Amino acid sequence: MPQHRPDLAEILRTVRELTVELAPQVDAKGKYDLRVAAYLLVMAEREVALAPALDRKHHAQLEKLLGHPATDGELSARLRAGELDDRFDDVLAVLLDQVADSVRVVKPSQLDPIHQEP
Amino acid sequence: MNERLLAAVRRRFGSAATIESVVLPTLGGSNLTTIFDVVDGSSAASRRRLVARQETYVADNTPFLAPDRQFQLLLVATKHGIPCPAPVFQLEPQDELGRGYVTAFVGGETFPKRILTDARFAGARAKLAEQSGEVLARLHAIPVTEVSFLDAQPDSHDPLGAQLARLDSYGEAHPAVELGARWLVKHRPKNARRQLVHGDYRTGNLLVSESGLEALLDWECAHTGSGLEDLGWLCTRSWRFGQNHLPAGGFGSREDLFAAYARVSGSPVDADEVHWWEVFGLLRWVVLNVMQAYGHHAEGRRSAAFAACGRNASLYEYELLMTLAKRFD
């Protein structure tokens, strides 16, 4: 259902800006808490922007790897059972790409240059 | 809370004792820490600065050593001259402060960024790798018969199995952890050493002064196993806090750490085994972050920081996989 402005991304940004505004009014513990809040909010802003494309890519990669539509739960169970031991390098390449995409949402500054956007 | 602490202190130090200068440091993921002075009223010389640690993480799947066993362990470590906060007394049910214990306060810095970058710690940094090798070698030489109570920790029998069992209890799939576990299964070191392992020896749990290492804190992850686990955990990338060119805790080289350890222990360090424990450490750090998020999500330990831990698990999965891909060292 369409909503009026602000959209979700702008709501998150608005609250994050509020954490910055409030910081001078609170003690050291409060400042730390506000920094954590801002950290979570900026992550959520990136997720709103990136999730649709990253979700599609994630599912397509799992389907290609396992030959059918699959979940992280199925991949985890098959890895635990040793069923993919002979495809270790293939699985590593896919998971590294997927985890790098997670980092793109969580904290992109942590990415190695090989995973930075051009 | 302070009334109960005062009553607890008076049970041990007499009814004239008072507590002063109470500080609640805002850190620690699984304990409530209170720093305070005890003054018994007779003279200023009787003033002692103490630290109370109260358990806040109470759950069946807790990975942490019960407080009474931590206390016993501190007694053993102190007896063997390992620098650690001297144990003073245990909390009892009548104290109404939950489970925990009180130790002497040791002054110094624990905050990683200050230890690793402030100019005033430059001299300490130059020594910390060697001091770490020495103290760990001495710790690992303590007869395990003196810490037989650590046999109850699952980590004492199957460290990787213990991590995976905990991960399973949090009910969230982590394929990156599973892949790391397969690598660990296939490259398991062939040794059967059984030593006292601190279990959380890393930058952030080392109390450091300008002259170097003062004390080892946070003994709640202790168990028995290969002492090289402690060397690997110290070198795990997450504990370098950005100083990635200094693998030993962000302050030193593996070579200096290993050389000091070999000199004191009398046997060379198997660098491949330490690497195995570094990979294990990355996996374990992911699982610990998943644990914090699970506590926030499902067990009532609500905290924005614990919520962030859940998402930060991706950052450590990334370090784990980049290490398996031989891109990170």
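Residues numbered from 1 in each chain as written. Chains lettered and ligands numbered in written order. Predicted model: local features only at pLDDT ≥ 70, side-chain atom pairs only at ≥ 80, totals over all residues. Heavy atoms only, no water.

Participant: Account for the layout of surface pockets, with residues named and values stated.
Facilitator: Quantified by volume, the second largest pocket comes out at close to 880 Å³. Lining of the second largest pocket is provided by 31 residues; of these, D72(A), S102(A), R311(B), S314(B) and E317(B) occupy positions nearest its centre. Elements with a contribution of two residues or more to the lining of the second largest pocket: α2 (28-66) and α4 (88-106) of chain A together with α6 (175-186), α9 (271-298) and α10 (304-324) of chain B. Along the lines of polarity and charge, the residues of the lining of the second largest pocket split into 15 nonpolar, nine polar and seven charged. (1 Å grid on protein atoms, 1.4 Å probe; cavity = no way out; pocket = protein on both sides within 12 Å on 5 of 7 lines; lining within 4 Å. Points joined across faces, edges and corners; volume = space filled by probe spheres on them. Helix = DSSP H or I, 4+ residues; strand = E, 2+ residues; numbered from the N terminus. Nonpolar A, V, L, I, M, F, W, Y, C, P; charged D, E, K, R; others polar.)

Participant: Just give me the short version of the domain arrangement of chain B, but keep the residues and values in it.
Facilitator: All names here are of chain B. Once the domains are mapped, chain B shows domain 1 (2-104) and domain 2 (112-324). Computed over C-alpha atoms, the centres of domain 1 and domain 2 are 25 Å apart. Every contact between the two is made by 26 residues of domain 1 and, on the other side, 31 residues of domain 2. Carbon and sulfur atoms make up 62% of the surface buried where domain 1 meets domain 2, a total of about 2400 Å² over both sides. Here domain 1 and domain 2 share eight residue pairs in polar contact (both at pLDDT 80 or more) between them. Among the elements that line the side of domain 1 that touches domain 2, the one with the most residues is helix α2 (residues 67-79), at eight residues. When the residues that make up the side of domain 1 that touches domain 2 are grouped by side-chain class, the tally is 14 nonpolar, nine polar and three charged. (Domains from an automatic or database assignment. Contact = heavy atoms within 4.5 Å. Buried area = accessible area lost by both parts, 1.4 Å probe. Polar contact = N/O pair within 3.5 Å; in protein donor to acceptor, adjacent residues only side chain to side chain.)

Participant: Let's hear about the packing of aromatic side chains: which residues, and what values?
Facilitator: Residue and element names in this part refer to chain B. Enumeration according to the criterion identifies 11 aromatic pairs over all chains in this entry. Ring centres of F13 and F89 lie 6.3 Å apart, and the angle between their planes is 65°; this geometry places the pair in the edge-to-face category. Here F13, found in helix α1 (residues 2-13), pairs with F89, found in strand β4 (residues 87-90); they are 76 residues apart in sequence, far enough to count as distant. With a relative accessible area of 27%, F13 lands in the partly exposed category. A ring pair is formed by Y318 and F328, whose centres lie 6.1 Å apart and whose planes are at 85°; its orientation type is edge-to-face. Placement of Y318 in helix α10 and of F328 in the segment after α10 is noted, with a sequence separation of 10 residues between them. An identical accessibility class is assigned to Y318 and F328; each is buried. Through a chain of ring-to-ring contacts, the aromatic side chains of W233, W239, F241, W285 and Y316 assemble into a single cluster. (Phe/Tyr/Trp six-rings, centres within 6.5 Å; stacked < 30°, edge-to-face > 60°. Buried < 20%, exposed > 50% of the residue type's maximum accessible area, 1.4 Å probe, protein only.)

Participant: Could you give an account of the packing of helix α7 (residues 228-235) of chain B against helix α8 (residues 254-265) of chain B, naming the residues involved and the relevant values?
Facilitator: All names here are of chain B. It is at 11 Å that the axes of α7 and α8 come closest, and there the two elements cross at 160°. Taken as axis vectors, α7 and α8 run roughly antiparallel relative to one another. Regarding α7 and α8, the two cross each other, and that crossing is right-handed. Across the interface between the two elements, L228, L231, L234 and C235 of α7 pack against R254, L257, F258 and Y261 of α8. Considering only residue class, the contact of α7 with α8 consists of seven nonpolar, no polar and one charged. (Axes fitted to C-alpha atoms, helices over the stretch in contact; angles between N-to-C directions. Parallel < 35°, antiparallel > 145°, perpendicular 65-115°, else oblique. Left-handed = near helix turned anticlockwise from the far one by under 90°.)

Participant: Tell me what's going on with the interface of chain A and chain B, and back it up with residues and numbers.
Facilitator: In this assembly, 32 residues from chain A lie in contact with 28 residues from chain B. Here chain A packs against chain B, burying approximately 2600 Å² in sum over the two surfaces, 70% of which is carbon and sulfur. At the junction of chain A and chain B, the tally comes to four salt bridges. With a shortest N-O distance of 2.7 Å, D85(A) and R182(B) are connected by a salt bridge. At the boundary of chain A and chain B, one finds seven residue pairs in polar contact (both at pLDDT 80 or more). For the side of chain A that touches chain B, the secondary structure elements donating two or more residues are α2, α3 (72-80) and α4 of chain A. (Salt bridge = Lys/Arg side-chain N within 4 Å of Asp/Glu carboxyl O.)

Participant: Account for the pattern of salt bridges, with residues named and values stated.
Facilitator: Inspection of every chain in the model, using the stated rule, returns 34 salt bridges over all chains. For R16(A), the salt bridge identified is with E45(A), shortest N-O distance 2.4 Å. You can see R16(A) sitting in helix α1 (residues 8-22) and its partner E45(A) sitting in helix α2, a full 29 residues away along the chain. Judged by relative accessible area, R16(A) falls into the partly exposed class, the value being 25%. We note a salt bridge from E299(B) to R301(B), for which the minimum N-O separation is 2.8 Å.

Participant: Outline the nonpolar core, supporting the account with residue identities and numerical values.
Facilitator: Residues and elements named next belong to chain B. L73, W219, L231, Y318 and L321 are the most contacted members of the largest nonpolar core, which has 100 residues in total. Per-element tally for this core: the top contributor is α9, with 13 residues. Looking at this core, you find at least three residues from each of domain 1 (2-104) and domain 2 (112-324). What L73 contacts, discounting residues up to four positions off in sequence, is L65, V147, F149, L150, L196, W219 and A222. Formed by 13 residues, the second largest nonpolar core is a distinct cluster that contains I19, L50, A52 and L91. (Core = buried A, V, L, I, M, F, W, Y, C linked by side-chain atoms within 4.5 Å.)

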